[in-house]
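One letter stands for each residue in the lines below.
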Number of protein chains: 2
Amino acid sequence: MASLRKTNRQTEDETLVETPDLEEFIGYNLKRAYVIVQADFRRALGEDGFAPRVFSALSLVVQYPNVTQSGLARMLGIERSGLVAIVDELEGRGLLKRTNVPGDRRVQALVPTNAGAKAYADARAAVRSHEERLLSNLNDDEKATLMSLLAKIRASEV
Amino acid sequence: MASLRKTNRQTEDETLVETPDLEEFIGYNLKRAYVIVQADFRRALGEDGFAPRVFSALSLVVQYPNVTQSGLARMLGIERSGLVAIVDELEGRGLLKRTNVPGDRRVQALVPTNAGAKAYADARAAVRSHEERLLSNLNDDEKATLMSLLAKIRASEV
DNA sequence: TATAAACTGTTTACTAGATTAACAATATGG
DNA sequence: CCATATTGTTAATCTAGTAAACAGTTTATA
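Let me begin by describing the structure that accompanies this report. Bear in mind the structure is a predicted one, so any value in this text is a computation, not a measurement. (Residues numbered from 1 in each chain as written. Chains lettered and ligands numbered in written order. Predicted model: local features only at pLDDT ≥ 70, side-chain atom pairs only at ≥ 80, totals over all residues. Heavy atoms only, no water.)

Description of the protein's contact with DNA strand C
Near DNA strand C there are 22 residues, and of these Arg42(A), Arg105(A), Lys31(B), Ser70(B) and Arg80(B) occur at the shortest range. Counting only the atoms of DNA strand C that lie within 4 Å of the protein, the sugar and phosphate share comes to 66%. One nitrogen or oxygen atom from the main chain of Glu79(A) is found 3.2 Å from a phosphate oxygen belonging to DNA strand C. Ser81(A) is positioned such that a nitrogen or oxygen atom in its side chain is 2.9 Å from a base oxygen of DNA strand C. Listing elements by their share of the surface near DNA strand C, those giving two or more residues are α4 (80–92) and β2 (104–112) of chain A together with α3 (69–76), α4 (80–92) and β2 (104–112) of chain B. Looking at the surface near DNA strand C, its residues break down into three nonpolar, eight polar and eleven charged. (Near = heavy atom within 4 Å. Polar contact = N/O pair within 3.5 Å; in protein donor to acceptor, adjacent residues only side chain to side chain. Helix = DSSP H or I, 4+ residues; strand = E, 2+ residues; numbered from the N terminus. Nonpolar A, V, L, I, M, F, W, Y, C, P; charged D, E, K, R; others polar.)

Below is the structure:
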């Protein structure tokens, strides 16, 4: 707090301490934060753990059994074509089944297997402890505030 | 607030209103919010406007002229190999120059052109108004709080 | 001073995540 | 019945990013 020279004047010093414009943009900070959390997620879940999007898909299938692929894509905010590979992976690992629905032969309802429910419970615990560990410098109030502010951003989707 | 049935009990209703696990994870909400902001950024800057990462790079070059590519990559948190295409694009558009530095023939200092400084000022204004418009349901306090919480996440990088 | 180690910008190959467009099969609404 | 819409799927494409190698150059060390 000694110096009052807080301008963004250009110098040739190798140590530049002024806040660059970038830090003032929410988008930039959102991305940097997201990259950090996402990288730690992968580290925490390990080599052949779930990728974030696969974890998310499994989570919804476990919580909403019989969800259709289209419905799941809508919930995740991705195209249904992009979901095929994710469901293929989960089915290939024996964590869910594609089942046909009497009355509509187009849809394939997704049903978690017992192994899928178990794998999800384990993964959820791992994700929870990853976030708790990584974000240990935020207290519960701060986390709740962050969530509500992120929810506001999500609510402003065009 | 009429019903107290707030369990996550499984039903066969087509309208499921309970909060799924996913919404409780900071990583998930961070990603969803980031996707929304990033998509609006691109929409706002238009067909041949800057991609977010190109905008970020130009911002730093304008604010820190003579930054090296390695230095810029470090600031952006990406590999220097990934920066080559970004700098190629900016140089190709005539917005910066690669200049050689007397005393170290390895490095190429990046210097914004006048056109680059102008383009950045315009883009920065466009980005500011995009964020102001998109995030108009957050007041200044909320935005400041969000920034400080995101900064805390950034500070917890491993 | 000789040599090993490190750093810079770059290319190439690869991966992940995602989108768009088309398609056949099926369902729904005038 | 017929036009329209929906579902799951494939194929082609795009973007953003990494990792590994490389030649040229600089720095550190023995």
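Next, the rest of the story.
Focus: the interface of chain A and chain B
The interface is formed by 55 residues belonging to chain A together with 54 residues belonging to chain B. Together chain A and chain B conceal approximately 5700 Å² of surface at their shared face, both sides included; 65% is due to carbon and sulfur atoms. The three residues of chain A that bury the most area against chain B are Phe25(A), Ile26(A) and Arg154(A), which together make up 13% of that side's buried surface. At the boundary of chain A and chain B, one finds eight salt bridges. Linking chain A to chain B there are 24 residue pairs in polar contact (both at pLDDT 80 or more). Listed by contribution, the elements that provide at least two residues to the side of chain A that touches chain B are α1 (26–45), α2 (52–63), α3 (69–76), α5 (114–134) and α6 (140–155) of chain A. When residues of the side of chain A that touches chain B are assigned to their parent elements, the largest contribution, 13 residues, is made by α1(A). The class makeup of the residues in the side of chain A that touches chain B is 28 nonpolar, eleven polar and 16 charged. (Contact = heavy atoms within 4.5 Å. Buried area = accessible area lost by both parts, 1.4 Å probe. Salt bridge = Lys/Arg side-chain N within 4 Å of Asp/Glu carboxyl O.)

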